[in-house]
Amino acid sequence: MRLLSLIAVLGLSACMPAQQAQVSKSYSETSAPGIGLPAMQGFAAASSMSPMRPNAEIARDFLDLEFRMESGRALPNFSRFEGPITVKLTGDVPATAPAEMARLINRFRSEAGLPISFAQLGDSASITIEFQPRAQMAKVVPMAACFVVPRVQSWAEYKAERNGPKVDWTTMTKREHVSIFAPSDASPQETRDCLNEETAQAMGPLNDLYHLPDSVFNDDNFNSVLTGFDMLILRLHYAPALRNGMNEAEAAKHLPALLAQMNPRGGAGFSEIKTIAPRSWVAAVEGAFGPRGGTAARLRAADMMLSIALAQGWHDGRLAFSYYAKGRAMANTDPAQAVAALSEAGRIYRSMPGAQVHVAHVDMQLAAIALAAGQSDQAMAFADRAIPAAKRAENASLLATLMLIKAEALQNAGRVAEARGLRLDSLGWARYGFGSERQMRARMAEIANLGAQGGRG
């Protein structure tokens, strides 16, 4: 299952698990972009950093990503494309998608060494990315935003085969045709996120692991743009020493030498091999961030997450995520306890390499609580600390939210002109992050209500 964006200050909904044949990304509701707003902002060329973890740990992560699916099913065989990989966009293609895909192809070529390009007009492609209206997709796969399936080349073919063995990843020994289905009416950021993750999974590993701090292959959805770790995994996936049809033990024999060559900085350091999270914890995550149940149900689920995490002896991102869930669930009913839980989540995330954007999400929640409490200076401090990380992570929706929180804090502090300017600057990022004017205005109103609450205090 893929969770939704975690930027919401109040309330959150999430997707249901996709069918086993699919590898899916989270659902988030947007409508068509609005008009009469500042020009949409965008990000410069991405510059990912090499992973900062030991190679033995990365090797174990690689095997868990490659030989298991999100559903928990085992993948008996390694599979990949042979030769050049081609991509085409079809259907109701969003205006921003071609440029985003071109940028992503350049990254795949330069950072992962993949022989990938756009298909020639009229040719079939290795990877077909078809855009459909969200409502149309929901009739077939409710609540899934975007997902990838094997052996089909169109939406119509997928609908005809979706309950049959043709789209079962566990029977794959070689990839020839894979399709990605994505909403045509998503925000530019959601479109980009779908292209990043689903194209990577179409070519490479199909699993997501909650303990990865520096990867989009993680259902916490903090990272949404492919990282240096992800590019290393894709480079490994296409290493000549590996071949289609290998089992896990056969692939494992080659990883130490491959990683020593590809990631020489990972040869030293203490390696902590992490076990995959039990299904009981995953179910609690779904309860804490899912679309059903109110505040009390979310808090019960967050408490279950934390109880399991502590019982497992975790001290990694899963424990931090459990504290984050608890803090989010308590933000409206017990701000003091929420701050304590979020602060603990932030402490753990700050101790982890590659978790800067996680800390930024925690700081956003803390900034919102401070704003509602009338602590304008503290709200601004949290926002200022998080904004650079949001920019580095290319998360426009998080960035816009932080800017709006800071603008409300400035307003409450009597710095009206600064507040007005920052609020205007945030809208260009909000256009990219949220897409629709309706959703943008809803976020602005939500944060303005927090500011008004703090102003009254």
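Below, the structure is looked at part by part. Position numbers for residues start from 1 in each chain and track the written sequence from start to end. Residues qualify for local features only when their pLDDT is at least 70, as the model is predicted, and side-chain atom pairs are given and counted only at 80 or more; totals for whole chains, interfaces and linings, by contrast, use all residues. No hydrogens and no water enter the side-chain calculation; it runs on all heavy atoms of the structure.

**Notes on the overall build of the chain**
For clarity, the threshold we go by: Helix and strand assignments come from DSSP, with helices taken as H or I runs of at least 4 residues and strands as E runs of at least 2, each series counted from the N terminus. Summary of the burial criterion: residues with accessible area below 20% of their type's maximum are buried, those above 50% are exposed, and those between are partly exposed, where the area comes from a 1.4 Å probe applied to protein chains only. Note on contacts: a residue pair qualifies if any of its non-hydrogen atoms lie within 4.5 Å across the two residues. Computed with the Shrake-Rupley method and a 1.4 Å probe, the accessible areas treat only the protein chains shown as cover for residues. His is not counted here, nor are the chain ends, while Lys and Arg score as positive and Asp and Glu score as negative. Taken as the charge centre is NZ of Lys, CZ of Arg, CG of Asp or CD of Glu, depending on the residue.
Looking only at helices and strands, the chain has 16 helices and six strands in total. Once the C-alpha set of the chain is aligned to its principal axes, its extents read approximately 65 × 50 × 40 Å. Burial analysis of the chain (457 residues in total) assigns 57% to the buried set. In the chain, 73% of the contacts between residues at least 6 apart in sequence involve partners at least 24 apart. Counting only carbon and sulfur atoms, one obtains 53% of the accessible surface of the chain, whose full area is about 17500 Å². For the chain, the distance from the average position of its 46 positive side-chain charges to the average position of its 43 negative side-chain charges is 1 Å.

**Brief notes about the packing of aromatic side chains**
Each aromatic ring pair is specified by the distance between its two centres and by the angle formed by the two planes. Heads up, the condition is: Whether two aromatic rings pair depends on their centres lying within 6.5 Å, for rings of Phe, Tyr and Trp, where Trp uses its six-membered ring; planes under 30 degrees apart make the pair stacked, over 60 edge-to-face, and the rest tilted.
For the structure shown, the criterion picks out 16 aromatic pairs. Centroid distance phenylalanine 147 to phenylalanine 181: 5.7 Å. Interplanar angle 55 degrees. Geometry classified as tilted. Of this pair, phenylalanine 147 sits in strand 5 (residues 146–150) while phenylalanine 181 is found in strand 6 (residues 178–183), placing the two residues 34 residues apart along the sequence. Look at phenylalanine 181 and you get buried, because its relative accessible area is 0%. Between tyrosine 210 and tryptophan 281 the ring centres are 4.9 Å apart and the planes differ by 85 degrees, which places this aromatic pair in the edge-to-face class. One end of the pair, tyrosine 210, is in the loop between helix 5 (188–203) and helix 6 (228–237); the other, tryptophan 281, is in helix 8 (residues 279–289), and 71 residues separate them in sequence. Like tyrosine 210, the residue tryptophan 281 is buried in the burial classification.

**Section: the nonpolar core**
Note the following rule: Side-chain atoms within 4.5 Å are what join buried Ala, Val, Leu, Ile, Met, Phe, Trp, Tyr and Cys residues into a set we call a nonpolar core.
Of all hydrophobic cores here, the largest spans 75 residues; its most connected members are Trp281, Phe289, Met305, Phe321, Tyr324, Tyr349 and Leu402. If we skip the residues at most four places from it in the chain, leucine 402 touches Met364, Ala383, Ala386, Ile387 and Ala390. Among the nonpolar cores identified, the runner-up in size contains 57 residues, and Met101, Ile116, Phe131 and Leu234 belong to it.

**Points about the pattern of salt bridges**
It is possible for side chains bearing opposite charge to pair when their charged atoms get close. Here is the rule we go by: In what follows, salt bridge is the name for a side-chain nitrogen of Lys or Arg lying within 4 Å of a carboxyl oxygen of Asp or Glu.
Applying the stated criterion to the full structure yields 25 salt bridges. The residue arginine 192 makes a salt bridge to aspartate 193 at a minimum N-O spacing of 2.7 Å. Like arginine 192, the residue aspartate 193 is buried in the burial classification. Residues glutamate 418 and arginine 415 are paired through a salt bridge, measuring 2.9 Å at the closest nitrogen-oxygen approach.

**A word on unusual backbone geometry**
One non-glycine residue, arginine 151, lies in the positive phi region at around 65 degrees. According to the relative accessible area criterion, arginine 151 is partly exposed, its value standing at 28%. The backbone phi angle of glutamate 394 is positive, close to 60 degrees, even though this residue is not glycine.

**A short note on the pairing of strand 2 (residues 85–91)**
What counts is decided by this rule: Strand pairing is assigned whenever DSSP identifies at least 2 bridges connecting the two strands. For a crossover, the right-handed case is the one in which the path from the first strand over the helix to the second runs clockwise, viewed with the strands pointing away from the viewer.
Examined bridge by bridge, strand 2 and strand 3 (residues 116–118) share three bridges and lie parallel to one another. Across the sheet, the residue bridging to valine 87 is phenylalanine 118, located in strand 3. For the crossover from strand 2 across helix 2 (residues 97–111) to strand 3, the handedness is right-handed. Here strand 2 runs beside strand 4 (residues 127–132); their pairing, made up of five bridges, is parallel. Paired with valine 87 across the bridge in strand 4 is isoleucine 127.

**Some thoughts on the packing of helix 2 against helix 6**
To keep things clear, this is the line we draw: Orientation is described by lines fitted to C-alpha atoms, with helices fitted over the stretch in contact, and by angles between N-to-C directions that extend from 0 to 180 degrees. By convention the crossing between two helices is left-handed if the near helix lies anticlockwise of the far one by an angle smaller than a right angle, and right-handed if it lies clockwise. Gly counts as polar in this scheme, as do all residues outside two lists: the nonpolar Ala, Val, Leu, Ile, Met, Phe, Trp, Tyr, Cys and Pro, and the charged Asp, Glu, Lys and Arg.
Running from N to C, helix 2 and helix 6 point in directions that differ by 65 degrees, and their axes come no closer than 10 Å. Every pair of crossing elements has a handedness; the one defined by helix 2 and helix 6 is right-handed. Across the interface between the two elements, Arg107, Phe108, Ser110 and Glu111 from helix 2 touch Met231, Leu234 and Arg235 from helix 6. Residues that form the contact of helix 2 with helix 6 fall into these classes: three nonpolar, one polar and three charged.

**As for the environment of alanine 383**
Note that alanine 383 resides in helix 13 (residues 376–392). On a C-alpha basis, the gap between alanine 383 and aspartate 363 in space is 6.7 Å, while along the polypeptide they are 20 residues apart. Setting aside residues up to four positions removed in sequence, alanine 383 forms contacts with Ala367, Leu402 and Lys406.

**Here we look at the pairing of strand 5**
Regular strands place side chains that alternate from one sheet face to the opposite one. The buried fraction of strand 5 amounts to five of the five residues, a majority that puts the element mostly inside the structure. Burial along strand 5 is two-sided: the residues Cys146, Val148 and Pro150 and Phe147 and Val149 are all buried.

**Points about helix 14 (residues 396–412)**
The cut-off we apply is this: In this scheme, a helix's expected span is set at 1.5 Å multiplied by one less than its residue total.
The end-to-end C-alpha distance of helix 14 is 24 Å, a good match for the 24 Å that 17 residues give at a rise of 1.5 Å each. Counting buried positions along helix 14 gives 15 out of 17 residues, so the element sits mostly inside the fold. Where helix 14 terminates, the next one or two residues include glycine 414, which has phi positive at roughly 85 degrees.

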